[in-house]
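An overview of the molecular structure
So you can see what is in the structure, the chains are spelled out below.
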Amino acid sequence: MDDKNSGESDHSGQGRAMSHDGFSPDLPAALAGKSQLRGLSWRMKLVVYMLSGMRKGSLDLTLPDGSTRRFEGSEPGPHGAWRIKSERLI
């Protein structure tokens, strides 16, 4: 059986909307020292980190404190808006 039909996932990133899965071993280093993350709880930092890997489209994220952040991929795609009302989401 060739690799395409073996059921194993392709790790090249092609066809994926995100450049990382949000659970990488580099997560603590990626979150440390980012000025745009100051004042956010670890929960919201995790959400922001995961969304920062968008490849396609754009998303406006409104955090529980009312601040808004825009995430844009390098490729065109749909636009969305997400309002997180409570950190209890995570």
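Residues numbered from 1 in each chain as written. Predicted model: local features only at pLDDT ≥ 70, side-chain atom pairs only at ≥ 80, totals over all residues. Heavy atoms only, no water.

Moving on, we get to the overall build of the chain. What the chain contains, in helices and strands, is 2 helices and 3 strands. Mapped from its N terminus to its C terminus, the chain presents α and β elements in the order α-α-β-β-β. Expressed as a percentage of the 90 residues in the chain, the buried residues total 30%. In the chain, of all internal contacts separated by at least 6 residues, the share reaching a separation of at least 24 is 35%. With an accessible surface of roughly 6,500 Å², the chain has 50% of that area assigned to carbon and sulfur atoms. (Helix = DSSP H or I, 4+ residues; strand = E, 2+ residues; numbered from the N terminus. Buried < 20%, exposed > 50% of the residue type's maximum accessible area, 1.4 Å probe, protein only. Contact = heavy atoms within 4.5 Å. Areas by Shrake-Rupley, 256 points an atom, 1.4 Å probe, with all protein chains shown as cover.)

What follows deals with the confidence of the model for the chain. Residues at a pLDDT of 70 or more form 60% of the chain, whose mean pLDDT is 74. Looking at the elements of the chain, mean pLDDT is at its lowest for helix α1 (residues 27-31), recorded as 59, and at its highest for strand β3 (residues 75-83), recorded as 95. A low-confidence stretch, residues 1-11 (pLDDT under 50), is modelled with 1 contact involving residues beyond four sequence positions or located in other chains. (pLDDT = per-residue confidence, 0-100.)

What follows covers the sheet that holds strand β2 (residues 68-72). Pairing is mixed across the open sheet formed by 3 strands, whose spatial order is β2-β1-β3. One side of each edge strand has no neighbouring strand; the edge strands of this open sheet are β2 and β3. Going across the sheet, the axis of each strand differs from the next one's by a mean of 15°, ignoring polarity. (Pairing = 2+ DSSP bridges. Axes fitted to C-alpha atoms, helices over the stretch in contact; angles between N-to-C directions.)

Formed by Leu37, Leu40, Met44, Val47, Val48, Leu51, Met54, Leu59, Leu61, Leu63, Phe71 and Ile84, the largest nonpolar core amounts to 12 residues. Looking at which element gives the most residues to this core, the answer is helix α2 (residues 42-51), with 4 residues. (Core = buried A, V, L, I, M, F, W, Y, C linked by side-chain atoms within 4.5 Å.)

We now examine the side chain of serine 58. Topologically, serine 58 is positioned in strand β1 (residues 56-62). On the basis of relative accessibility, which here comes to 13%, the residue serine 58 falls in the buried class. Among the polar contacts listed, one links the side chain of serine 58 to the side chain of histidine 79, at a separation of 2.6 Å. (Polar contact = N/O pair within 3.5 Å; in protein donor to acceptor, adjacent residues only side chain to side chain.)

Residue alternation in β2 divides its side chains into a buried set, Arg69 and Phe71, and an unburied set, Thr68, Arg70 and Glu72. In terms of strand pairing, β1 meets β2 through 5 bridges, oriented antiparallel. Its bridge partner lying in β2, leucine 59 is registered against phenylalanine 71. Counted along the chain from β1 to the antiparallel partner β2, the turn is 5 residues long, and its residue glycine 66 has a positive phi close to 95°.

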